[in-house]
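Okay, here's what each chain looks like letter by letter:
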Amino acid sequence: MSEKQVVPQESLGIIGDKALEMPKSLEQLSESEIERKRCISRVMTHMLKYLTGEFMNKGFEWLLPAIFSKSTDPLWPDPGASLEKRIEVEIYGETVRTTLSMIIHKMVACSLVHPKLFILSPNVRIEKRERANTGINAYEFHQLDFEVRNATSEDIRRFVDEIICGSISSLKKHMNDELLCLEIYHSLKVSEKPFRVYDREDLESKYGKDWEKQITFEVDDPVWVTNIPREFYDFEDFESGKWDNYDLILPKYGEVLSGSRREWEYSKIVRKLERDSVKKENYKLLLKLAKEGKIKPSAGAGIGVERLVSWIVGAKHIGEVQLFPRIPGIVYDL
Ligand code: ASP
Ligand code: MG
């Protein structure tokens, strides 16, 4: 264990062990609180303009999200997942699920249509209600989710280093009034590139099972963690047991991005679905395409928009950066 800082077991988040004040809904805010919300929204607008602009400059196609599909991310097995409920509804006599992430759509679209694509998509993850207290979980959030045919993990990480640093420089240049109003202009700094890369196994030997919490509170700059055992679509080398995947961890705010090089071989996908007890019938199209050799090697990731903005503005709770908060266990009118 690190002697530097021990964080509470229950929470991975900005609050430590104190009870966290939950964000208010809009009509309860004072004038100055409204002003703060306005500045945060303006920072988010600029952030999205910068990031989507960078994707388009680099030749990515911008796709619109799907909400209900037969296949979505299983979010299993995933050390970070904690769902209270999975939403399945019937439409036209078929069972569909709300989007947990656009990963399956990305793999198919990237293989068949666009070699470089991104989607700004809502993800509905009904997190356990205790997660209200982490301060970093919302039951609806948005990912800037992207995928690149034939890319390596290193390509994706370098690209993300660029756009995260670039977005902060751009905010400092164009949003100085808002950053001053939020009292973060002087403390907001552009980290050095490339961000450091850690192997999860090394972190586990140093910190134990709690490595993610510990590293989150120990670093001052974003860092990469690679080789994390999780969902079937992340590439796993069966011989070495290493996973060619990555998370980007933000100081105090935790994982803001996860991604990987993808599995594309039918036999490996089937073997992993069976091993993880994930229902094959929920991935029929992906399996059919993989069997026909139509799924192409790719790599990608998804950036959690609200969490990224929370880190930039130093939000007390992720609900603060949502005009209409989506906090686990709390359902507001809007
Ligand atoms: N966006 C992730 C990816 O590209 C999937 C996830 O949400 O974990 O792998
Ligand atoms: Mg994932």
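Residues numbered from 1 in each chain as written. Chains lettered and ligands numbered in written order. Predicted model: local features only at pLDDT ≥ 70, side-chain atom pairs only at ≥ 80, totals over all residues. Heavy atoms only, no water.

Right, let's get into the packing of helix H1 (residues 31-57) against helix H3 (residues 153-174). Interaxial distance between H1 and H3 falls to 10 Å at its minimum, and their mutual angle equals 135°. Classed by the angle they form, the pair H1 and H3 counts as oblique. Two packed elements cross with a definite hand, and for H1 against H3 that hand is right-handed. For the pair formed by H1 and H3, the contact residues are Val43, His46, Met47, Tyr50, Leu51, Glu54 and Phe55 on the first element and Phe159, Ile163, Gly166, Ser167, Ser170, Leu171 and His174 on the second. When its residues are assigned to classes, the contact of H1 with H3 shows eight nonpolar, five polar and one charged. (Axes fitted to C-alpha atoms, helices over the stretch in contact; angles between N-to-C directions. Helix = DSSP H or I, 4+ residues; strand = E, 2+ residues; numbered from the N terminus. Parallel < 35°, antiparallel > 145°, perpendicular 65-115°, else oblique. Left-handed = near helix turned anticlockwise from the far one by under 90°. Contact = heavy atoms within 4.5 Å. Nonpolar A, V, L, I, M, F, W, Y, C, P; charged D, E, K, R; others polar.)

The biggest cluster of nonpolar side chains holds 49 residues, and the ones touching the most others in it are Phe146, Ile156, Leu257, Leu308, Ile312 and Val313. Mapped by element, the contributors of at least two residues to this core are H1, strand E8 (140-149), H3, strand E11 (245-250), strand E12 (254-261), strand E13 (298-304) and helix H9 (305-313). Filtering out sequence-adjacent residues up to four positions away, Ile312 remains in contact with Val43, Met47, Ile168, Leu171, Ile184 and Leu188. Membership of the second largest hydrophobic core comes to 16 residues, among which are Phe232, Tyr233, Ile269 and Leu289. (Core = buried A, V, L, I, M, F, W, Y, C linked by side-chain atoms within 4.5 Å. Buried < 20%, exposed > 50% of the residue type's maximum accessible area, 1.4 Å probe, protein only.)

Let us now look at the pairing of strand E10 (residues 223-226). The alternating pattern of E10 places Val223 and Val225 and Trp224 and Thr226 on opposite faces, both of which are buried. As judged from the four bridges shared by strand E9 (residues 196-199) and E10, these two strands associate in the parallel manner. Considered in E10, the bridge of Val197 is made with Trp224. Alignment of E10 against E11, held across four bridges, turns out to be antiparallel. (Pairing = 2+ DSSP bridges.)

Glancing now at helix H6 (residues 211-218). Counting buried positions along H6 gives eight out of eight residues, so the element sits mostly inside the fold. Along its buried surface, H6 packs onto E9, helix H5 (200-207), E10, E11 and E12.

Turning to its location among the elements, Thr99 is positioned in the loop between strand E5 (94-98) and helix H2 (103-112). Taking relative accessible area as the criterion, Thr99 reaches 3% and is therefore assigned buried. Between the alpha carbons of Thr99 and Thr72 there is a distance of 5.8 Å; along the sequence they are 27 residues apart. Other than its neighbours up to four places away in sequence, Thr99 contacts Ala66, Ile67, Thr72, Pro122, Asn123 and Val124. A polar contact of 2.7 Å, which involves the side chain of Thr99, links it to the backbone oxygen of Ala66. (Polar contact = N/O pair within 3.5 Å; in protein donor to acceptor, adjacent residues only side chain to side chain.)

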